[in-house]
Amino acid sequence: MKNQAKALFAVAFLVVMIPASSFALVPYSQDFEGLDQANTAALADDGWLVFGNVFDGDGNYLYGYGVFPAPNDGGGFCAIAAGEGGADQGAQQLAVFSDYNNTDHANGFLIEANVFQEQMIEDGDVSDNWVFTFDAKRGNIEGQTTALAFIKTLDPNNGFQTTNFVTVDMTSIPDTWGTYSVSLIIDGGLVGQILQIGFASTATLYEGSGIFYDNIDWSIDGPVATEEKTLSNVKSLFR
């Protein structure tokens, strides 16, 4: 698994540019209550994306696939769950798990499933501290499965190399709800790069891999208030 961890840093997601996210970093929040659980495009319509990486049993990188709009059908990556919340999580949550549609599970390969939102970093973001906060509880993780949450930055001018990968390990969290966060201060070298926030699970042999997430918040916690930053980004659309 150590080799696998090293490979996580070495392999960048392939990415797509989302027009709605091309005007610098903007706050995002989601409690999943307003999404239609029966709509297979519900997560995709909310901007969620997925990407898969595959490693052999020694952690050597084999291949990747994506980026794809996030599914909501229960077969791979993610789905809107119901009935898993506590008093603060409401009726619906986000379940993140392995891509069980990938038959290389049966070959003992490690399937890393990434579920994320992405935005672009611009000049006005420099020096801001952005915080990714969310509620989470353990699902049916078993065997060799691992899980994490992350903030990642990628440099499109350097082969989409990973320039930041800030994580929190979700593998052994309790099966009761807790609140977790990771943060990143934007420096000048990140201007023009892609920023992703999201969750990943790595599993093999069809082992259980589910983690439940809710009350997602991506917001600024730095020299500029969130409301002021949002207004600035809206104004930039009309320049």
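Model, not experiment: these values are computed from the prediction.

Caption draft 1: Seen up close, the overall build of the protein. What the protein contains, in helices and strands, is three helices and twelve strands. For the protein, the proportion of its 239 residues judged to be buried stands at 51%. Sequence-distant contacts in the protein: of pairs separated by 6 or more residues, those separated by 24 or more amount to 75%. Counting every atom, the protein has about 10,300 Å² of accessible surface; 52% of that belongs to carbon and sulfur.

Caption draft 2: Main features of unusual backbone geometry. In the segment running from G66 into V67, the intervening peptide bond is cis, with an omega of 5 degrees. Residue position: V67 is located in strand β3 (residues 61-69). The phi dihedral of N215 falls on the positive side, at around 50 degrees, and the residue is not glycine.

Caption draft 3: Structural view of the packing of aromatic side chains. Enumeration over the complete set of coordinates arrives at 16 aromatic pairs. Here the aromatic rings of W48 and F199 are separated by 6.4 Å at their centres, their planes lie at 20 degrees, and the arrangement is stacked. One end of the pair, W48, is in the loop between α2 (42-45) and β2 (49-55); the other, F199, is in strand β11 (residues 194-203), and 151 residues separate them in sequence. No difference in accessibility class separates W48 from F199, as the two residues are buried.

Caption draft 4: Main features of the pairing of β11. The buried fraction of β11 amounts to ten of the ten residues, a majority that puts the element mostly inside the structure. What you see with β11 is no split at all: I194, Q196, G198, A200 and T202 on one side and L195, I197, F199, S201 and A203 on the other are buried throughout. Here ten bridges tie strand β6 (residues 110-120) to β11, and the two strands are oriented antiparallel to one another. Paired with E118 across the bridge in β11 is Q196. Note: strand β8 (residues 146-155) against β11, nine bridges, orientation antiparallel.

Caption draft 5: Seen up close, the environment of A82. Along the chain, the position of A82 falls in strand β4 (residues 76-82). Each C-alpha atom of the pair A82 and F32 lies 9.8 Å from the other, and the pair is 50 residues apart in sequence. Ignoring sequence-local partners within four residues, the contact set of A82 consists of Q37, A91, Q92 and Q93.

Caption draft 6: Fine view of the environment of I216. With respect to the helices and strands, I216 occurs in strand β12 (residues 211-220). The buried category is assigned to I216, whose relative accessible area is 2%. It is 9.7 Å that separates the C-alpha atoms of I216 and S181, two residues lying 35 residues apart in sequence. If near-sequence neighbours (up to four positions away) are discounted, I216 is found in contact with Y28, S29, Q30, F32, W48, L94, F132, T133, F134 and F199.

Caption draft 7: Molecular detail of the pairing of strand β5 (residues 92-99). Among the eight residues of β5, eight are classified as buried, and the element is accordingly described as predominantly covered. Bridge count between β4 and β5: six bridges; the pairing is antiparallel. What sits directly across from C78, in β5, is V96. Across three bridges, β5 lies against β12 in antiparallel orientation. Residue pairing for β12: V96 is matched across the bridge by I211.

Analysis parameters
Position numbers for residues count from 1 along each chain, tracking the sequence in the order it is written. This being a predicted model, a pLDDT of at least 70 is required before a residue's local features are given, and a value of 80 or more before pairs of side-chain atoms are given or counted; all residues contribute to the totals for chains, interfaces and linings. Values reported for side chains reflect all heavy atoms of the structure, with hydrogen atoms and water molecules removed beforehand. Under the scheme used here, helices are H or I runs from DSSP no shorter than 4 residues and strands are E runs no shorter than 2 residues, and both carry numbers assigned from the N terminus. The buried label applies to any residue whose accessible area, calculated with a 1.4 Å probe on protein chains only, is under 20% of its type's maximum; exposed applies above 50%, and partly exposed to all values in between. We call two residues in contact when some of their heavy atoms are within 4.5 Å. Accessibility throughout is a Shrake-Rupley quantity obtained with a 1.4 Å probe, and a residue counts as covered only by protein chains that appear here. Ring pairs are drawn from Phe, Tyr and Trp, using the six-membered ring of Trp, whenever the two centres fall within 6.5 Å, and their geometry is named by plane angle: stacked under 30 degrees, edge-to-face over 60, tilted for the rest. At least two DSSP bridges between two strands are needed for those strands to be called paired.

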